[in-house]
Amino acid sequence: MKECRDIFKQVLDQKLIRITLSNTRDADRAVKVKVRPVLIREKLFFQETVYRGAQVYHTNLEKAQLEERLEEYMESLFGQAQVSHETEDISILVSKKGTVTIKRRKRKALLKPEEGAGETALPSLAHDRSKQYILREGEPVDFLVGLGVQTPDGHVAKAYYDKFRQINRYLEFVEDVLDKLPKDRTVRIIDFGCGKSYLTFAMYYYLHSLQGRDIRVTGLDLKEEVIARCSALARQLRYDGLDFQVGDIQNFTGADSVDMVVSLHACDKATDYALEKAVKWGARVILAVPCCQHELNGQIRCEMLQPVLKYGVIRERISALITDALRAQILEQNGYETQILEFIDMEHTPKNLLIRAVKAGGMRPRGKVSSISELTDFLHVRPALASLISMPDETGRQEPS
């Protein structure tokens, strides 16, 4: 582990942005660890954040203490470390046999605040500093420049700042599931309803360019002119593992096995078709941001809820929330650990919920199919996903759709 120790000794200073340890070998000890520098009473410390189950623990350590702890982590607990420093990005992979692989990428120098950089300056070391993005303003990224989000010198165009924040928020979700994707072969990813593909390009850049993963990503959309533009940009950037195709989700047959399915803002039942394919492929990871859930809005009938359902906007929002909750429950019944998370602040878009599902090996169905059925009967609704996917009962047997 001498290589790891030397790197940690080198980067643990005020110019460190963050260190993320992942690919745990013992989730009971820790799922992930993040480190960042902080100044406390004008003295440099490093804040260690340990993620253990649903709990998060913070500890402030001096450099020598942290060096020792990071070395121990890499020896016994984690298989990957991602280091972001002012000068470079470093990826460290440790195999089960202890083989260490290191990849380094130089960063463009960042301006200091007094040079007029504003928010593009080096990260603040305040104990409760504001959030640092994975992709940072002031540091040009080829696909962001190509899509018009950044100027060639790295500044974010004013009209695209919300999109820039959304891209970074999305990459945090991808970062959180990195350990769930295979490391010993090409990772196959499908992005259904990719549209202009800001997030498709971001995912490819993060996984391939920053994380060094061997990936193949396909973006699918119905709009020929959009697919043509995205294909041209992918060729221009030499993103050889990224391709775009014209087609709809329901009839897509271009893959036999997929590791990760993404569906962002696919309208109405198109999200259900994407989730159906993900489950049937046995995809390890699903990321879905549903849009325009009209289906249950036209079905829902409940005497007890009539005093609130009579208001159109309330009926629409309740129907959308119930749709997503039932989707999450059905995924859990099919062996996924599922969360519904806020994708981006409501002030930027009302379509702000993300369903994140991770395949849990050997996991038995969670909850009871009967409970889902009782709810749908109570509301007089039949969700499309329940019709598309047969649901196992609590013993693991498949119930017919």
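Please refer to the structure placed before this passage.
Residues numbered from 1 in each chain as written. Predicted model: local features only at pLDDT ≥ 70, side-chain atom pairs only at ≥ 80, totals over all residues. Heavy atoms only, no water.

K.L.:
When you look at the overall build of the chain in this model, what are you seeing that I'm missing?
P.N.:
Along the chain, the regular secondary structure elements total 11 helices and 16 strands. For the chain, the proportion of its 401 residues judged to be buried stands at 50%. Of all intrachain contacts in the chain linking residues separated by at least 6 positions in sequence, the fraction that spans at least 24 positions is 64%. (Helix = DSSP H or I, 4+ residues; strand = E, 2+ residues; numbered from the N terminus. Buried < 20%, exposed > 50% of the residue type's maximum accessible area, 1.4 Å probe, protein only. Contact = heavy atoms within 4.5 Å.)

K.L.:
I tried to follow the pattern of salt bridges on my own but got confused; where do I start?
P.N.:
Tallied over the full model, the rule gives 18 salt bridges. Between glutamate 71 and arginine 5 there is a salt bridge whose closest N-O contact spans 2.5 Å. With a gap of 66 residues between them, glutamate 71 in helix α2 (residues 63-76) and arginine 5 in helix α1 (residues 2-11) connect regions that are remote in the sequence. Classification of glutamate 71 as buried rests on a relative accessible area of 17%. A salt bridge links arginine 105 to aspartate 89; the nearest nitrogen and oxygen atoms lie 2.8 Å apart. Of this pair, arginine 105 sits in strand β7 (residues 100-106) while aspartate 89 sits in strand β6 (residues 88-94); the two residues are 16 residues apart in sequence, bridging distant segments of the chain. For arginine 105, a relative accessible area of 29% translates into the label partly exposed. One network of salt bridges, in which partners are shared, links Lys9, Lys63 and Glu67. (Salt bridge = Lys/Arg side-chain N within 4 Å of Asp/Glu carboxyl O.)

K.L.:
Just to check I follow, could you spell out helix α5 (residues 198-210) for this structure?
P.N.:
Each α-helix turn comprises 3.6 residues. Residues three or four places apart therefore point the same way. For α5, spanning 13 residues, the distance from its first C-alpha to its last is 17 Å, which sits close to the expected 18 Å at 1.5 Å a residue. Burial analysis of α5 places 11 of its 13 residues in the buried class, the great majority of the element. Tyr198, Leu199, Thr200, Phe201, Ala202, Met203, Tyr204, Tyr205, Tyr206, Leu207 and Leu210 are the residues of α5 that are buried. (Expected span 1.5 Å × (residues − 1).)

K.L.:
Explain the packing of α1 against α2 here, please?
P.N.:
Pairs of packed helices are described in terms of their axes, by the angle between the two and the distance that separates them. The interhelical angle for the contact between α1 and α2, taken along N-to-C directions, is 150 degrees, at an axis separation of 10 Å. One way to sum up the angle between α1 and α2 is to call them roughly antiparallel. The hand of the α1/α2 crossing is right-handed. Taken together, the residues of α2 that come into contact with α1 (itself represented by Cys4, Arg5, Phe8 and Lys9) are Lys63, Glu67, Leu70, Glu71 and Met74. When grouped by side-chain class, the residues that make up the contact of α1 with α2 number 4 nonpolar, no polar and 5 charged. (Axes fitted to C-alpha atoms, helices over the stretch in contact; angles between N-to-C directions. Parallel < 35°, antiparallel > 145°, perpendicular 65-115°, else oblique. Left-handed = near helix turned anticlockwise from the far one by under 90°. Nonpolar A, V, L, I, M, F, W, Y, C, P; charged D, E, K, R; others polar.)

K.L.:
Would you explain the nonpolar core in this entry?
P.N.:
Within the largest apolar cluster, 50 residues are counted, with the highest numbers of intra-cluster contacts made by Leu135, Phe143, Tyr170, Phe201, Leu207, Tyr239 and Met260. Of the residues forming this core, the biggest block, 10 residues, is contributed by α5. With sequence-adjacent residues up to four places away left out, leucine 135 is seen in contact with Val141, Phe143, Leu144, Phe164, Ile167, Asn168, Leu171, Tyr205 and Leu210. (Core = buried A, V, L, I, M, F, W, Y, C linked by side-chain atoms within 4.5 Å.)

K.L.:
It is not clear to me how unusual backbone geometry should be interpreted in this structure. Could you clarify?
P.N.:
When glycine is set aside, most residues are seen to have a negative phi, and most peptide bonds are trans. Phi at serine 197 is positive, roughly 70 degrees, even though this residue is not glycine. Here serine 197 lies in the loop between β8 (187-192) and α5. Judged by relative accessible area, serine 197 falls into the buried class, the value being 2%. A positive phi angle, near 60 degrees, is found at arginine 238, a position not held by glycine. With respect to the helices and strands, arginine 238 occurs in the loop between α6 (224-237) and β10 (242-246). Look at arginine 238 and you get exposed, because its relative accessible area is 70%.

By themselves, these figures tell us nothing about what the structure is for.
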